[in-house]
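The primary structure of each chain is shown beneath.
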Amino acid sequence: MTAAEAPAWLGRRVPRIEDAALLRGRGQFVGDIVRPGMLHARFVRSPVAHGRLLGLEVEAARRAPGVRGVFTAEDFRPHLTSPELAVAMPAGAIRYVVNPRVLAADEVCYAGEAVALVVADTPHAAEDAAALVRLDIELLPPALDPGSALEPGAPRARLGCADNLLARFTVAYGEVAPAFEVAPHVFRDRFHLHKGGGHSVETRGVLAEHDRVDDMLTVWSSAQMPHRNKGVICAALGRAEDRVRVVAPDVGGGFGPKFVCYPEDVAVPLAALLLGRPVRWIEDRRENFAATTAERDQLWDVEVAADAQGRLLGLRGRLLHDHGADTPYGIALPQNSATNLLGPYVLPAYRLEISVALTNKVAATPTRGAGRPQGTFVMERMLDRIADELGIERAEVRRRNLIPPLAMPYRTPLTTRDGAAMIYDSGDYPACMADALRLAGYEDFRARQKAAREAGRHIGIGLSNYVEGTSRGPFETAAISIGPSGQVVLSTGASAQGQGTATVLAQVCAGVLDMDPARITVRTGDTAAIAQGLGAFASRQGPVAGAAVLQAARLVREKALLAASHLLEAAPEDLELVNGAVRIRGIPADRLSLGQVAQVLQGMPGFPLPPGLSPGLSSSVAWQPEALSYANGTHVAEAMVDPETGRITLLRYLVVHDSGRLLNPSLAEGQILGGVVHGIGHALLEETLFDAQGVPATLGYPAYRLPSAPILPWIEIHHRETPTPLNPLGAKGVGEGGTIPAAAAIVAAVEDALRPARIRITQLPITPRRLRTLLAAA
Amino acid sequence: MSEERFPISVTVNGEPHRLDVPARLSLADLLREGLRLTGTHLGCEHGACGACTVLVDGASARACLMLAVQADGRSITTVEGLERAGRLHPLQQALSERHGLQCGFCTPGVLMTLVELLDASPSPDEAEIRMALAGHHCRCTGYQGMVDAALSLSGGG
């Protein structure tokens, strides 16, 4: 990049422009927004996992004090183009597209599925009245265990589907069978990998208001993808795109589940339309457990083939995925698990058969990591198995299998979700691991471990490498507009849930326009601010929206210089943009503010614009990444285990990561820290449980255990920066890499701490009880 | 249904209020809906997440577990009461500088707990700070920036 284009603010720890309001309690989350005449909604939900809904008795609720409306699927039907949400994501392997229903009718397929909506003057009145709705349900046998759900004669999770096999597909390449025939070593393991929910501290919420003056339906929603929600709402309600606005105001954490468009996202706006009053619904925590999508169980049965030096020859097996009752987000989760298994390694032959089971549980959709931690866990644990069986040091086994830097860009034999080749664009995986081992004092650990053991302490070390495909397309948008006020407004289809999106995009813009990022107004997550947009998923917004902002800012800059060249009667190359104003080089007094340039480009009736210029000091760009860019990293964990109690204490956690050029190191570190701690929860604590009838058994905290401050070590983060050639900023995504390798590294450390006992941890989370059971059997 | 209401006198951020409140109204709902102080957030409504933490006569309490009638005669401080003459409380400043907040939803409750901690014990060490934060869920930050912020103020520097 030339000096003029150099994003001067990039790579700096610029303070967050989001903080001023949030620190003062002046954020505007959905639950904080009040509209005149606003009513409150409460959903009636199925208390059972599976049943025929024979009847709904709502009259008592309708008569209850303060109630303004009670709606069932039948009440909604005339007002919907379809009783289902049009949310299907294409995947050839899906045998049954099961879109969620706005409200369930005839059959309920998971405990928590919404069957009716009560709207009242207050949340109390709505909740009281909802309790008066009587459901007449004939219980049906539920399909709960994904394995037995696929056996012949198993109870069907949905009466409309002939069986429970939602999808079956194979991810494969290379000569797998011959590899196993010649391999001197073959090891087999079965893993039961559970991963929990998103657990943003803010639950979901929707507030809808219909303005009769302009027939505008405005929906404030704690959504990660407001433009997608708008599309679903328009389709469901048959409204034109310019009569629906979806706004994601301040959103209290996303982590995946909020990119799903839910039944409530249509039901609440429809109720507002029918009642002619604003309606707000704030999910309570029990609903969040029961009705917000989460990740869940994967059962892996795999074997790995290795040569005498521990080099991978092949890996094959089966993955059984507990999908849940409908398909709001396709089958991206098990696809990610299967393809991310490769990690940063050379795997000559691979065959994984994936079966996706419909079950009577809320749908499984991505949470931070999005299925990748499971694939990474399997690969990393099989590498540890090879190391232990062959007597090779665990890091050395990895060294022998890592893709060398000279092989970059490395074309894997796999394809991504959209059918494109999966190509690792850049990175030095061996150097990254070497950095991590050196910084962690890995070489000295055996001495430390020996000393600790002599003092009666069982400590162990584990490591894990990962890659993460980031910056998913197809595009993200940015529009920059400067008016006579001189105020720079940057609008984007990106949405923010705490990442610091506004700050990092303002940094990009500020570098090009040479101004303080704090002077830029950033509008995220509002469909009225920009026509197209995608939003938050797949660790993408910094690089993808950032690239769009970079291009949009350059266009505005060029236009400002060209316009000013006419006004100042100077050649454009003699002009410079300094501190938000255009001036003639060497003559600082001859300057025009961007506001003055904008004033001229706004036009005067009857007077022409300067030659060759279009109206307005503005630009709009949709930047389309040509492929995923792959971040990578190495995590090293040290753990102490009490063999008596099974208690695991993390002593140290170290991250070396490479997400390309860092746009704002503080923001990147924040993403990594949150990700690692999510991964620690995945490894040690978090487990969504159901009773034998399929009713959620974890409906609150601490029944569901989240990581808390006292159990965490100080997490050390070190950066490497290998710019990706796929992005003009050189940046890769950083949102999920912290989570992906964490469980593998921690479990390896726990196993290591218990040597010489050779336990093999194959189930997550590894709770003290499970660890004691393993130790008792060892 | 006209619920029976009870008169209370409560001081919020230094301002006295005389209110008539229903018995089942939580302190959190009184603050958020009644007084429009929406900085106090609700994350779980069963006392686990800590987002609704406020100070009651200087001691931290879960506003979701306390009834509004129980606030009668008490002095409540919420996040909106931390600023002094337009200046952020040192903890608010430190939290921003040490990247101790991301989405900001849990932040108000965390601030109240840390204010209480530093008022009671001006030089907490890392373990004490982490223990004080044990009652808060944060899914964004891994708590590290919060711990760092409190440490930066521990011992007056």
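The structure presented is a predicted model; accordingly, all values stated were derived computationally and were not measured.

**Q** Could you give an account of the domain arrangement of chain B, with specific residues and numbers?
**A** Interface size is commonly expressed as the accessible surface area that is lost when the partners come together. All names here are of chain B. Here the domain parsing of chain B yields domain 1 (5–81) and domain 2 (90–156). Tallying the contact residues gives 14 residues for domain 1 and 11 residues for domain 2. By residue number, the principal contributor to the side of domain 1 that touches domain 2 is strand β3 (residues 53–56), which donates 3 residues.

**Q** Explain the pairing of strand β18 (residues 458–470) of chain A residue by residue, including any values.
**A** Residues and elements named next belong to chain A. Counting buried residues along β18, 12 of its 13 residues qualify, which places the element largely inside the surrounding structure. Strand direction decides the pairing type here: β18 and strand β26 (residues 629–642), joined by 13 bridges, are antiparallel. Residue pairing across strands places His-458 opposite Val-641, the latter belonging to β26.

**Q** Residue-level account of the nonpolar core, with values.
**A** Counting residues in hydrophobic clusters, the biggest one holds 295 residues, and the most contacted among them are Ala-116, Val-118, Leu-505, Cys-509, Val-549 and Ile-746 of chain A. The biggest single contributor to this core is helix α16 (residues 541–568) of chain A, with 13 residues. Inspection of this core shows a minimum of three residues originating in each of domain 1 (5–81) and domain 2 (90–156) of chain B. Beyond its immediate chain neighbours, meaning those up to four positions away, Leu-505 of chain A contacts Leu-490, Thr-492, Ala-494, Val-522, Ala-545, Gly-546 and Val-549 of chain A.

**Q** Explain the interface of chain A and chain B residue by residue, including any values.
**A** Facing the 45 residues of chain A at the interface are 42 residues of chain B. Residue assignment for the side of chain A that touches chain B shows that the elements contributing at least two residues are α1 (19–23) and α18 (665–684) of chain A. By residue number, the principal contributor to the side of chain A that touches chain B is α18 of chain A, which donates 6 residues. Residues of the side of chain A that touches chain B, tallied by class, amount to 19 nonpolar, 16 polar and 10 charged.

**Q** Pulling in residues and values, what's your account of the sheet that holds strand β23 (residues 581–584) of chain A?
**A** Residues and elements named next belong to chain A. The strand order across the open sheet built from 3 strands is β22-β23-β24, with neighbouring strands paired in antiparallel fashion. Two strands in the sheet have a free side with no partner beyond their single neighbour: β22 (575–578) and β24 (587–593). Taking each pair of neighbouring strands and ignoring which way they run, the sheet shows an average axis angle of 35°. Pairing geometry for β23 and β24, over 4 bridges, is antiparallel. Bridged to Val-582 within β24 is Leu-592. Against the sheet, α16 makes contact with β22, β23 and β24, and its axis sits at roughly 125° relative to β22, the strand it touches most.

**Q** Can you explain the packing of α16 of chain A against helix α17 (residues 594–601) of chain A? Please cite residues and give values.
**A** All names here are of chain A. Axis separation between α16 and α17 bottoms out at 10 Å; the angle between their running directions is 80°. As judged from the angle between their axes, α16 and α17 are roughly perpendicular. In this structure, α16 uses Ala-560, Ala-563, Ala-564 and Leu-567 to contact α17, whose residues at the interface are Leu-594, Val-597, Val-600 and Leu-601. A class-by-class count of the residues in the contact of α16 with α17 yields 8 nonpolar, no polar and no charged.

**Q** Account for the sheet that holds strand β27 (residues 647–658) of chain A, with residues named and values stated.
**A** Residues and elements named next belong to chain A. As summarised here, the arrangement of the 4 strands in space is β18-β26-β27-β28, forming an open sheet in which the pairing is mixed. On the outer flanks of this sheet lie β18 and β28 (715–720), each paired with one strand and no other. Taking each pair of neighbouring strands and ignoring which way they run, the sheet shows an average axis angle of 20°. Relative to β28, β27 is paired through 6 bridges, and the arrangement is parallel. If you follow Leu-654 over to β28, its bridge partner there is Glu-716. Sitting on the sheet, α18 touches β27 and β28, and the angle it makes with β27 is about 145°.

**Q** Could you give me a rundown of the confidence of the model for chain B, with the residues and numbers involved?
**A** Averaged over every residue, the pLDDT of chain B is 96; residues scoring 70 or more account for 97%. Predicted complex, confidence summary: ipTM 0.98, pTM 0.97.

**Q** Quick rundown of unusual backbone geometry? Include the residues and the values.
**A** Residues and elements named next belong to chain A. With an omega of 10°, the peptide bond running from Gly-473 to Pro-474 counts as cis. Of the consecutive residues Tyr-701 and Pro-702, the connecting peptide bond is found in the cis state with omega at 0°. Looking at where Pro-702 falls in the secondary structure, it is placed in the loop between α18 and β28. Notably, Ser-471 is not glycine yet its phi reads approximately 60°, a positive angle. Counting through the fold element by element, Ser-471 comes out in the loop between β18 and β19 (476–482). Positive phi values are uncommon outside glycine, yet Asp-514 reaches one of about 50°. Locating Asp-514 in the fold gives a position in the loop between α15 (501–513) and β21 (520–523). Look at Asp-514 and you get partly exposed, because 16 C-beta atoms sit within 10 Å.

Conventions adopted
- Residues numbered from 1 in each chain as written.
- Chains lettered and ligands numbered in written order.
- Predicted model: local features only at pLDDT ≥ 70, side-chain atom pairs only at ≥ 80, totals over all residues.
- Domains from an automatic or database assignment.
- Contact = placed C-beta atoms within 7 Å.
- Helix = DSSP H or I, 4+ residues; strand = E, 2+ residues; numbered from the N terminus.
- Buried ≥ 20, exposed ≤ 12 C-beta atoms within 10 Å, placed from the backbone.
- Pairing = 2+ DSSP bridges.
- Core = buried A, V, L, I, M, F, W, Y, C linked by C-beta atoms within 7 Å.
- Nonpolar A, V, L, I, M, F, W, Y, C, P; charged D, E, K, R; others polar.
- Axes fitted to C-alpha atoms, helices over the stretch in contact; angles between N-to-C directions.
- Parallel < 35°, antiparallel > 145°, perpendicular 65-115°, else oblique.
- pLDDT = per-residue confidence, 0-100.

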